[in-house]
Amino acid sequence: LLEQARQSYVQLREQLTDKSDLVAKDEKLLRLLRNSFLGEADLWYEMQEYEKAIGIYRSTANRFISQPIAIEAMTRSAQCLDKLDKPAEATRAVNQ
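A few points on the structure. (Residues numbered from 1 in each chain as written. Predicted model: local features only at pLDDT ≥ 70, side-chain atom pairs only at ≥ 80, totals over all residues. Heavy atoms only, no water.)

### So, the packing of helix α4 (residues 50-63) against helix α5 (residues 68-83)
A pair of packed helices is captured by two measures, namely the crossing angle of their axes and the spacing between those axes. Test applied: Angles shown run from 0 to 180 degrees and are taken between the N-to-C directions of axes, each axis being a line fitted to C-alpha atoms and, for helices, limited to the stretch in contact. Secondary structure elements are taken from DSSP: a helix is a run of H or I of four residues or more, a strand is a run of E of two residues or more, and numbering for both begins at the N terminus. In these notes the angle categories are as follows: under 35 degrees is roughly parallel, over 145 is roughly antiparallel, 65 to 115 is roughly perpendicular, and the rest is oblique. Handedness of a helix crossing follows the sense of rotation of the near helix relative to the far helix, less than a right angle counterclockwise being left-handed and clockwise being right-handed. Contacts are assigned to residue pairs with any non-hydrogen atoms lying within 4.5 Å of each other. Under the convention adopted here, Pro, Cys and the residues Ala, Val, Leu, Ile, Met, Phe, Trp and Tyr are nonpolar, Asp, Glu, Lys and Arg are charged, and Gly plus all remaining residues are polar.
Following both chains from N to C, one finds α4 and α5 inclined at 160°, their axes separated by 8 Å at the closest point. Taken as axis vectors, α4 and α5 run roughly antiparallel relative to one another. When you trace α4 past α5, the crossing you get is left-handed. Side by side, α4 and α5 meet where Y50, A53, I54, Y57, R58, T60 and A61 of the first sit next to I69, A70, A73, M74, R76, S77, C80, L81 and K83 of the second. Across the contact of α4 with α5, the residue classes tally to eleven nonpolar, two polar and three charged.

Quick look at the structure:
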C-alpha cells in the first residue's frame, strides 16, 4: 500500500513538473507540487529506505530553496542521516 501511494506521488509530481508554466502561476498547484515531493520522501522514510528519502528531501530543498519547505526538507534529511548513524552528516545537513 505504501509503494502504491509513493508511485501516485511520483506520477503527480511528474505531471505537475511537465506543466511548470501553469504551476508557477497557481499557488494551489505549487502547493500540490511541494507536497508531492515531501509525500514521496516521507513514504521512503516510512519504508526505512533512508537513502532514497534523503535524495528526495534534498531535491525538495534545492527546488524550493527560498521557501520554508526547504528548511523542513533538510531537517527531515538530517533525521534520515541519524537513522543511518551518520550524526556528522546530519549536523551538516541542518546547518546548510
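### What about the environment of S66?
Here S66 is to be found in the loop between α4 and α5. Remark: the alpha-carbon pair of S66 and A5, spanning 61 residues in sequence, is separated by 28 Å.

### Considerations on the pattern of salt bridges
In plain terms, the rule: Every case where a carboxyl oxygen of Asp or Glu lies within 4 Å of a side-chain nitrogen of Lys or Arg is listed as a salt bridge. Note on classification: 1.4 Å probe, protein chains only; a residue is buried when its accessible area is under 20% of the maximum for its type, exposed when over 50%, partly exposed between these limits.
Under the defined criterion, the tally for this structure stands at seven salt bridges. Here E40 ties to R6 by a salt bridge, and the two come within 3.1 Å at their closest N and O atoms. Placement of the pair is E40 in helix α3 (residues 27-46) and R6 in helix α1 (residues 2-18), with a sequence separation of 34 residues. This pair shows no difference in class: E40 is buried, exactly as R6 is. Close ionic contact of R76 with D42 constitutes a salt bridge, the shortest N to O distance being 2.7 Å. Pair noted here: R76 is in helix α5 and D42 is in helix α3, with a separation of 34 residues, a long-range link. In the salt-bridge network here, residues are joined through shared partners; they are E3, R6, R13 and E40.

### Looking at unusual backbone geometry
Positive phi outside glycine occurs at Q48, with the angle close to 60°. Positioned with a positive phi, D85 is a non-glycine residue whose angle comes to about 60°. Note on placement: D85 falls in the loop between α5 and α6 (87-95).

### Details of the side chain of E40
Selection criterion: Contacts described as polar in this section are N or O atom pairs within 3.5 Å, which, within protein, must combine one atom able to donate a hydrogen with one able to accept it, while residues neighboring in sequence count only if both atoms come from side chains.
Here E40 falls in the buried class, since its relative accessible area comes to 4%. Within the local environment of E40, its side chain forms a polar contact with the side chain of R6, the two groups lying 3.1 Å apart. With near-sequence residues (within four places) excluded, E40 lies in contact with R6, Y9, V10, R13 and I56.

### Examining the packing of α1 against α3
Running from N to C, α1 and α3 cross one another at 150°; their axes reach a closest spacing of 9 Å. Between α1 and α3, the interaxial angle falls into the category roughly antiparallel. You can see that α1 and α3 cross each other, and the crossing is left-handed. The residues of α3 that touch α1, namely those facing L2, E3, A5, R6, Y9, V10, L12, R13, L16 and T17, are L29, L32, L33, N35, S36, F37, G39, E40, L43, W44 and E46. Of the residues assigned to the contact of α1 with α3, the class counts are twelve nonpolar, four polar and five charged.

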